[in-house]
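One-letter residues, chain by chain:
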Amino acid sequence: MRLLAFLAALLLPLAAAAHKPSDSYLTLRADANQHEVAVRWDIALRDLDYVLELDRDGNGQLTWGEVRTRADEITQYATARLTLEAGDKACAWQTAAPLQLDKHSDGTYAVLSLTAKCEPFAKGLRLHYALLFDVDPSHRGLVQWVAPGGASSQALVFGTDNAQQPLALQPAGAWQTLRQYLVDGTWHIWIGYDHILFLLSLLLPAVLVRVAGDWEPAPSLKRSLVEVLKVVTAFTVAHSITLSLAALEVISLPSRIVESTIAASVVFAALNNLRGTIEKKRWVMAFVFGLIHGFGFASVLADLGLPQGALALALVGFNLGVEVGQIAIVAVFVPIAFALRRTAFYRHGVLTFGSIAVALIAAYWFVQRAFDFQGPF
Amino acid sequence: MHRFATPALILALALSPAFAAPFTPAGDAEVVERLPATTNDPSVRRVESLRKQLAARPFDVDLRLEVARRYFDLAMAQGDPRYVGYASAAIAPLEKAAPDNAAYWLVRGVLQQYSHDFNGALASLKRAGELDPQSPEPPAWRAAIDMVQAKYADALAECAKLAAVAHPLHAQGCTAYAQANTGQLRPAYDALTKALAESRDAPAGLKLWVRTRLAEMAIRLQRTDEAERHFKEALALGITDQFLLGAYADFLLARKRPQEAIALLKDWERSDILLLRLALAGKAADDARAKGWASQLRERFDDAAKRGDTLHEQEAARFELDVQGNAARALEFAVRNYATQKEARDAEMLMRAALAANQPKAADPALAWLQSNGYEDPALVALAAQLAGAKK
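Nothing here was measured: the structure is a model prediction, and the numbers come from that model. As a convention, each chain's residues are numbered from 1 in the sequence order in which they are written. Here every chain gets a letter starting at A, and every ligand a number starting at 1, in the order they are written. With the structure being a predicted model, the display of local features is reserved for residues of pLDDT at least 70 and the display and counting of side-chain atom pairs for 80 or more, all residues being used for whole-chain, interface and lining totals. With hydrogens and water stripped out, all remaining heavy atoms of the structure feed into the side-chain values.

Once that is clear, we can look at the overall build of chain B. Each helix and strand in chain B was counted, giving 22 helices and one strand. Categorising residues by exposure relies on relative accessible area from a 1.4 Å probe, with only protein chains included: less than 20% of the type maximum marks a residue as buried, more than 50% marks it as exposed, and the intermediate range marks it as partly exposed. Taking all 392 residues of chain B together, 48% fall into the buried category. In short, Shrake-Rupley with a 1.4 Å probe defines the accessible areas, and a residue's cover is counted only from the protein chains shown. On chain B, roughly 18,000 Å² of surface is accessible, and the fraction owed to carbon and sulfur atoms is 55%. Strands are runs of DSSP state E lasting at least 2 residues, helices are runs of H or I lasting at least 4, and numbering of each runs from the N terminus.

And the structure:
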């Protein structure tokens, strides 16, 4: 605890320089028994000083003593401006723990720990927020609401125009979250041409075997399926790893590097079909480049926004969605390719010229993404 | 070009703590926060003392307006949006208490335009102008809002009103600014240069504004040396103006002089729009602080998104495109920004983002603006040509 406070204090000179509008941060967590809500409320000391004149000696510096001795007054001031109603009855505020502090990007905040004792929630919960609106109408209350039995939170913004809002009693169900991200994942592979082209480039030769430098039809469907399975599995495992690491913010790479490497991977996979440098171990290539494709998926996932508290579920859902999309592509591609594998059309038209076309398209993407040739920067 | 970050660096970034848990300081004497009144800025103390007087005399309309105006000036000078909120709160009771007070409608209009409520602002300023036809501020602000919305005929009409009540240089600057957007760049530049030379008595703030506008016009006329001279003369006036600093920093960045831009802005991290320029300059100059500036900006844009703010979408677009290299997100911001703001730099942002995201059609509104007004700027004309090529 002390170490964290010390680290935070070191960050202060940098952070205090930034200006942002006034916000307070609330986390409301309903208990499963439906008559209590635990509240953590972070309010900027600067805002509290503006209304309560905490800086008694007027030297422009707030000491912990100046804050601590006014803790009851701060709590009273705040709770008088926050009403939680179950049915038509206001819940009673209780202080759950002594006032503490926390650092946010724009300074130090008082942290109030409260408990609301309520009637049973069955008739509906409503939150009325009115902190600081009288002195700063641009103030906002940023609420994270965790419904009874909910794992994830819902974000609500309270402002002068929406100072009262109902709190939904049904949490966004796990199944709902999973399904939503599954759909997003499927959709992304479907519109992500670069991923599809990479996969197809690796799969094109799966229905053939190279004999003495020339392509021959694969002898059996089983052999082709094993080849497809190896490539798809390697790609899946690899991009799942990096997608998870990036989504959990363990690793991040600049999107330009990721996007241009993805384009390069498509070029490489397509050209490999012509030269045949990597013959037997296409799955290794699928794995290596799959790692970088995972970062590409992660940026999409980041744009969608991840639910706090249901991160794992969203990740699994998105990953599954990507797999469903892949399987759909494979299910269409393999039977057709297998049926056509004996034809010259497939071996020359599709494999050779198709690969050249794919390589050209991807090379164009690469130049676009890597050199960013539009604009002066 | 980017270079690959070393694995050690990636790990270091990953391990830095995002949020500290709540804590209890060790002793009562520990300083936990520095309040803005510590800045040796007498204007902060002055407005605080006026606010205390207001608490004792809540029905004093003039005092109320004085407090609001001072808070707004503080917001402009320090880039601190809390002061805008305080100003709004100060004037709130006056809608009923002083409905015929021109100064109230003026302050209200100015605050509304700050939060991008342009239609509300135009209406308030119209009322202020009707109640006090001799005040130059309502037509000046209305002209500025018309310009932002690319309504040049309306802006010129306001400039004409201004001629009767304002300093001649002010009216001339207003007219020249509108004309320079509608195919008369060179005559507008020449006329404004002449007017400035003839107005030695003009207030410094007005001179600064005119110099900034002249610099921008000179850039479009490709008279680089003249543009730089205007910027330097404006800076020499000794007034802090974020808009001037931003415009000069952009000039330096476009001329590949990022080191000078960093020197110019080094104390301005607290301003979002200037921090963006710092991040761009840092990146261009390979400065060690560039990553820190970029991550500070990222955090601020994320914070703004959480509270639903849309005040800095042009900057957000530029950040996504030029710092993060995320063209798709840049285009989203640029499209939304162009729906409310249609100045040349907004159009340029939309065109660049549309090109980078390979969605040339998204820039159609900016192209239509460029063509229908005959806006003269070789940089924008070149972008338009690229967009036309990309559509084929």
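Quick look at the overall build of chain A now. A count of helical and extended segments in chain A gives 11 helices and 13 strands. Classification of the 377 residues of chain A by burial places 51% in the buried group. Residues are treated as being in contact if the distance between any of their heavy atoms lies within 4.5 Å. Look at the contacts in chain A between residues 6 or more apart in sequence, and 71% of them connect residues 24 or more apart. Just so you have it, chain A exposes about 17,200 Å², and 64% of that area is on carbon and sulfur atoms.

Our next topic: the packing of aromatic side chains. Centre distance within 6.5 Å is the pairing criterion for rings of Phe, Tyr and Trp, where only the six-membered ring of Trp is used; planes under 30 degrees apart are then read as stacked, over 60 as edge-to-face, and the remainder as tilted. Scanning the entire structure with this criterion turns up 18 aromatic pairs over all chains. An aromatic cluster of at least three residues, connected via ring pairs, comprises A:W41, A:Y129, A:F133 and A:F158. Its guanidinium or amino end placed over the ring of B:Y177, B:R213 lies 4.0 Å from that ring's centre, counting from NZ or CZ. Whether a charge sits over a ring depends on NZ of Lys or CZ of Arg being within 6 Å of the ring centre and within 35 degrees of the ring normal.

The next thing to look at is the confidence of the model for chain B. Here chain B averages 90 in pLDDT, while 94% of its residues score no lower than 70. For residues 1-20 of chain B, every residue scores under 50 in pLDDT, and the model assigns this stretch 22 contacts once sequence neighbours within four places are set aside. Values of pLDDT, which run from 0 to 100, indicate the predictor's confidence residue by residue.

By definition, two strands form a pair when at least two bridges between them are found by DSSP. With mixed pairing, six strands are arranged side by side in an open sheet as β6-β7-β2-β1-β9-β10 (chain A). Where the open sheet ends on each side, the last strands, each with one partner, are β6 (92-104) and β10 (154-158) of chain A. For this sheet, the mean inter-axis angle between neighbouring strands, taken without regard to orientation, is 20 degrees. Pairing of strand β9 (residues 140-146) of chain A with β10(A) involves five bridges; the strand directions are antiparallel. Bridged to A:L142 within β10(A) is A:V157. The strands that helix α4 (residues 71-79) of chain A touches are β2 (36-44), β6 and β7 (107-117) of chain A; relative to β7(A), the one it contacts most, it runs at about 65 degrees. Working convention: axes come from line fits to C-alpha atoms, limited for helices to the stretch in contact. Angles between N-to-C directions cover 0 to 180 degrees. Relative to the sheet, helix α17 (residues 290-307) of chain B contacts β1 (23-30), β9 and β10 of chain A, its axis offset from that of β9(A) by approximately 80 degrees.

Moving on: the state of the cysteines. What counts as a disulfide here is a pair of cysteine sulfur atoms lying within 2.5 Å. By the definition in use, this model includes two disulfides over all chains. For A:C91, the disulfide goes to A:C118, at an S-S distance of 2.1 Å. Its S-S torsion of about 110 degrees marks the bond between A:C91 and A:C118 as right-handed, since a negative value means left-handed. On the criterion of sequence distance, the pair formed by A:C91 in the loop between β5 (89-90) and β6 and A:C118 in the loop between β7 and β8 (125-129) is long-range, its members being 27 residues apart. The pair formed by A:C91 and A:C118 is uniform in burial state, with each residue classed as buried. Disulfide pairing places B:C159 opposite B:C174 at an S-S distance of 2.0 Å. Residues B:C159 and B:C174 are joined by a disulfide whose S-S torsion is about -75 degrees; by sign, that bridge is left-handed. Residue B:C159 is located in helix α9 (residues 152-165), and its partner B:C174 is located in helix α10 (residues 168-180); the two are separated by 15 residues in the primary sequence. Taken individually, B:C159 and B:C174 each receive the classification buried, so the pair is uniform in this respect.

Glancing now at the pairing of β8(A). As a general feature of sheets, a regular strand has side chains that alternate between the two faces. Residues and elements named next belong to chain A. Of all five residues in β8, four are buried, a share of seventy percent or more. Across five bridges, the pairing between strand β4 (residues 82-86) and β8 is antiparallel. Looking at the pairing, T83 lines up with H128 of β8.

Patch members must show over 30% relative accessible area and no salt bridge, and they are joined within 9 Å when carrying like charges or within 5 Å when they are nonpolar side chains of Val, Leu, Ile, Met, Phe, Trp or Tyr. Put simply, a salt bridge is a Lys or Arg side-chain nitrogen that is within 4 Å of an Asp or Glu carboxyl oxygen. Only four residue types enter the tally: Lys and Arg on the positive side, Asp and Glu on the negative side; His and the chain ends are excluded. Note that the charge is assigned to NZ on lysines, CZ on arginines, CG on aspartates and CD on glutamates. Residues A:R223, A:K230, A:K280 and A:K281 make up a contiguous surface patch of positive charge. Judged by its relative accessible area of 39%, A:K230 falls in the partly exposed class.

This paragraph deals with the environment of B:G183. All names here are of chain B. Along the chain, G183 turns up in the loop between α10 and α11 (185-197). Overall, G183 belongs to the partly exposed group, its relative accessible area being 38%. Taking the C-alpha atoms as reference points, G183 and N373, 190 residues apart in sequence, are found 6.5 Å from one another. Once residues lying within four places of it in the same chain are set aside, the contact partners of G183 are N373, G374 and E376.

This part takes up the pattern of salt bridges. Residue and element names in this part refer to chain B. Counted by the stated rule, this structure contains 43 salt bridges over all chains. Note that D250 and R318 form a salt bridge whose closest N and O atoms lie 2.9 Å from each other. Taken together, the residues D250 in helix α14 (residues 242-254) and R318 in helix α18 (residues 313-324) connect sequence positions 68 residues apart. Neither D250 nor R318 differs from the other in exposure class; each is buried. Across the salt bridge formed by R298 and D302, the nearest N and O atoms sit 3.5 Å from each other. Here the residue R298 and the residue D302 both occupy positions in helix α17, the gap between them amounting to four residues, near one helical turn. Assessed through its relative accessible area of 19%, R298 is described here as buried. One connected set of salt bridges, linked through shared partners, spans R213, E216, D250, R277, R318, D322, R345 and R352.

Let us look at the confidence of the model for chain A. Scored by pLDDT, chain A has a mean of 84; 89% of the residues are at 70 or more. Within chain A, the lowest mean pLDDT, 30, falls on helix α1 (residues 2-15) of chain A, and the highest, 97, falls on α4(A).

The subject of this paragraph is unusual backbone geometry. Residue and element names in this part refer to chain B. Of note, the phi angle at H116 is positive, near 65 degrees, even though the residue is not glycine. Here H116 lies in the loop between α6 (102-114) and α7 (118-131). The backbone phi angle of D286 is positive, close to 55 degrees, even though this residue is not glycine. Locating D286 in the fold gives a position in the loop between α16 (272-285) and α17. In this structure D286 comes out as exposed when scored by relative accessible area, which is 56%.

Residues and elements named next belong to chain A. It is at 9 Å that the axes of helix α6 (residues 193-203) and helix α8 (residues 255-275) come closest, and there the two elements cross at 25 degrees. With respect to α8, the element α6 is oriented roughly parallel. Regarding α6 and α8, the two cross each other, and that crossing is left-handed. Between α6, through D194, H195, L197, F198, S201 and L202, and α8, the contact on the second element is made entirely by E259, I262, S265, V266, A269, A270 and N273. Nonpolar residues are Ala, Val, Leu, Ile, Met, Phe, Trp, Tyr, Cys and Pro. Charged residues are Asp, Glu, Lys and Arg, and all others, Gly as well, are polar. By residue class, the composition of the contact of α6 with α8 is seven nonpolar, four polar and two charged. By definition in this entry, angles of less than 35 degrees are roughly parallel, angles greater than 145 are roughly antiparallel, angles of 65 to 115 are roughly perpendicular, and the rest are oblique. Crossings are classed by handedness, with left-handed meaning an anticlockwise turn of the near helix from the far one by less than a right angle and right-handed meaning a clockwise turn.

All names here are of chain A. A contiguous nonpolar surface patch, about 460 Å² in accessible area, is contributed by L271, L274, F353, I356 and L360. Here the nonpolar patch takes three residues from helix α11 (residues 344-371), the largest share from any one element. Secondary-structure assignment places L271 in helix α8. The partly exposed category is assigned to L271, whose relative accessible area is 41%.

Let us now look at the interface of chain B and chain A. Every contact between the two is made by 62 residues of chain B and, on the other side, 69 residues of chain A. Values labelled buried area give the accessible surface lost by two parts on being combined, using a 1.4 Å probe and summing over both. The junction of chain B with chain A conceals about 5,900 Å² of combined surface from both sides, 57% of it contributed by carbon and sulfur atoms. Three residues, B:F23, B:R82 and B:R307, lead the burial of chain B against chain A; their summed loss comes to 15% of the area buried on that side. Along the contact surface separating chain B from chain A lie four salt bridges. Residue B:D80 pairs with A:R46 through a salt bridge whose shortest N-O separation is 2.8 Å. Here a polar contact is recorded for every N or O atom pair within 3.5 Å, except that within protein the pair must consist of a potential hydrogen donor and a potential acceptor, and residues adjacent in sequence are included only if both atoms are side-chain atoms. Taken together, the connections running from chain B to chain A amount to 20 residue pairs in polar contact (both at pLDDT 80 or more). Those elements that place two or more of their residues in the side of chain B that touches chain A are α1 (7-15), β1 (31-34), α2 (42-56), α3 (61-78), α4 (82-91), α17, α18 and α20 (344-356) of chain B.

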